[in-house]
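So the chains spell out like this:
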Amino acid sequence: MTQTIALVGNPNAGKTSLFNILTGTRQYVGNWAGVTVERKEGWVKGDKKWKMVDLPGIYSLSAQTLEEKIALSFILGDEPDVLLNIIDASNLERNLYFTVQLLETGLPAIVSLNMIDVAEGRGLTIDKDYLEKALGVPVVPMVARKGKGKSTLLKRFDNGARRASLKISYPDNIEQGLASLLPLLNEAGWTSTIDTRWLALMWLEGNESVSTMVNEKTERTILEKMNEIRKAIPSADNQIRQARYEWVERILSESVSKEREESKTWS
Ligand code: GDP
Ligand code: K
Ligand code: MG
């Protein structure tokens, strides 16, 4: 059976390089429906088991730009079998914020830790095992431009992708909001591979794409209760963002060092 892999990451993280080394010439270029943003698809290894879709390069799922809306609606609407999140190892802080948002969806994921050569050139040592444990998904060090790490990544496609174990504890008022929203979303009939907690978080943040979708599919009486909960938590989006950044900071302080000791990155 065909499995869909969505390739996601920040602009310049190396998505095109990775897409090309995995699909070779077995790729098709078109546009996303109704817009002139390029859409690329290809078969990994040519055996029609893994179909890879290259999503637009973005920094978050905030749904504020066209590219973010496209990526988010693909993730929500198509529920890809695997999220392949490529991150720039030399620019981890910014990249990992997005990773957290992606992993919170609960979709099976793999992280490609790209640009290891650049990171090492700057004297950065990344503790891959720590990162893997903290995120709860496989992390594969790579130099996509040179194809380094490709065979390890391919092995992970077959047996590695999993739902992340990562669970951020948000401030009490946010957690209380989530606890009230979850039963309402269940009552509204939300059943999806995507984690309902993630949907509730996006709702509290006021995410436009998620709000539109929820507004369309939820009964009015339930929706009113959900709106009440959102209104009662001012600047939920800032609180959520800050909690994610703090989580990322803590993970980075434990997993990245600048000393030139023996590299653990490839272990
Ligand atoms: P995209 O914007 O995510 O599609 O990124 P690209 O694949 O276009 O890569 C951006 C730039 O980084 C290009 O010049 C690539 O050749 C380069 N690049 C990609 N992967 C690596 C890598 O692992 N190491 C280094 N040094 N450069 C890379
Ligand atoms: K670059
Ligand atoms: Mg590209």
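Scroll up for the structure.
Let me begin by describing the structure that accompanies this report. As the structure is a computational prediction, the values presented were derived from the model and not from experiment. Here the residue numbering is sequential within each chain, running from 1 through the sequence in written order. Each chain is given a letter, starting from A, and each ligand a number, starting from 1, according to the order in which they appear as written. Per-residue local features of the predicted model are confined to residues with pLDDT of at least 70, and side-chain atom pairs are confined, for both listing and counting, to 80 or more; whole-chain, interface and lining totals are unaffected and use all residues. Side-chain metrics rest on all non-hydrogen atoms present in the structure, leaving aside hydrogens and water.

## As for the site of ligand 1
Step number 1: Whether a residue is near a molecule or strand depends on its heavy atoms: if one lies within 4 Å, it is near. Contacts to ligand 1 come from 15 residues, most closely from N12, K15, T16, S17 and D117.
Step number 2: Separating an oxygen atom of ligand 1 from a backbone N or O atom of G14 is a distance of 3.0 Å.
Step number 3: At 2.6 Å, a side-chain N or O of S17 approaches an oxygen atom of ligand 1.
Step number 4: The accessible surface values rely on the Shrake-Rupley method and a 1.4 Å probe; as for residues, cover is taken only from the protein chains in view. For ligand 1, whose free accessible area comes to 570 Å², the fraction covered by protein is 74%.
Step number 5: Of all the secondary-structure elements, those providing two or more residues to the shell around ligand 1 are α1 (15–23) and α4 (116–121).
Step number 6: Only DSSP runs of H or I reaching four residues or more are called helices, and only runs of E reaching two or more are called strands; each is numbered from the N terminus. For the shell around ligand 1, the leading source of residues is α1, giving three residues.
Step number 7: Gly is placed with the polar residues, together with every amino acid not listed as nonpolar (Ala, Val, Leu, Ile, Met, Phe, Trp, Tyr, Cys and Pro) or charged (Asp, Glu, Lys and Arg). Its residues placed into classes, the shell around ligand 1 shows six nonpolar, six polar and three charged. Think of a polar contact as two N or O atoms within 3.5 Å of one another; within protein, one of them needs to be a possible hydrogen donor and the other a possible acceptor, and neighboring residues in sequence only count if both atoms come from side chains.

## Structural notes on the layout of surface pockets
Step number 1: Every definition here rests on a 1 Å grid over the protein atoms only: cavities are sets of points where a 1.4 Å probe fits but cannot get out, pockets are open sets enclosed by protein on both sides within 12 Å along at least five of seven lines, and lining residues have some atom within 4 Å of a point. Grid points are joined across faces, edges and corners, and a volume is the space filled by probe spheres set on the points. Within this model, the largest pocket holds a volume of roughly 310 Å³.
Step number 2: Of all the secondary structure elements, the ones that give two or more residues to the lining of the largest pocket are α3 (92–103) and α11 (236–255).
Step number 3: At five residues, the largest contribution of residues to the lining of the largest pocket is made by α11.
Step number 4: The residue makeup of the lining of the largest pocket, split by class, is five nonpolar, five polar and six charged.
Step number 5: Of the pockets and cavities examined, the second largest pocket occupies roughly 160 Å³.
Step number 6: Looking at the second largest pocket, the residues that line it are K15, T16, V37, E38, K40, D54, L55, P56, G57 and E67.
Step number 7: For the lining of the second largest pocket, the elements supplying multiple residues, two or more each, are α1 and β3 (38–44).
Step number 8: Counted by class, the lining of the second largest pocket contains three nonpolar, two polar and five charged residues.

## Some thoughts on the sheet that holds strand β4 (residues 50–54)
Whether parallel or antiparallel, the strands of a sheet pair through hydrogen bonds between backbone atoms.
Step number 1: The strand order across the open sheet built from seven strands is β2-β3-β4-β1-β5-β6-β8, with neighbouring strands paired in mixed fashion. One side of each edge strand has no neighbouring strand; the edge strands of this open sheet are β2 (27–31) and β8 (139–141). Neighbour-to-neighbour, the strand axes of the sheet open up by a mean angle of 25 degrees, direction not taken into account.
Step number 2: Following DSSP output, two strands are said to pair if at least two bridges run between them. Here strand β1 (residues 3–9) runs beside strand β5 (residues 82–88); their pairing, made up of five bridges, is parallel. Directly across from V8, in β5, lies its bridge partner N85. Axes here mean lines fitted to C-alpha atoms, for a helix over just the part in contact, with angles spanning 0 to 180 degrees between N-to-C directions.

## Looking at helix α6 (residues 150–159)
Step number 1: Of the positions making up α6, those classed as buried are L153, L154 and F157. End-on, the buried residues of α6 take up no more than an arc of 100 degrees, which puts them together on one face. Exposed positions of α6 whose direction lies more than 90 degrees from the buried face are K155 and N159. Exposure classes here rest on a 1.4 Å probe applied to the protein chains alone. A residue is buried below 20% of its type maximum, exposed above 50%, and partly exposed in between. Summarising the geometry, the arc corresponds to the directions from the helix axis toward the C-beta atoms.

## Overview of α11
Step number 1: Its 20 residues give α11 an end-to-end C-alpha distance of 29 Å, which sits within 8% of 28 Å, the value for a rise of 1.5 Å per residue.
Step number 2: Of all the residues in α11, the buried ones are A236, Q239, I240, A243, R244, W247, V248, I251, L252 and S255.
Step number 3: Where the residues of α11 are buried, they touch α3, β7 (125–126), α5 (128–135), α7 (172–187), α8 (196–205) and β9 (256–257). Given a helix with a known number of residues, its expected span is that number minus one, times 1.5 Å. A contact between two residues is defined here by any heavy atoms of the two lying within 4.5 Å.

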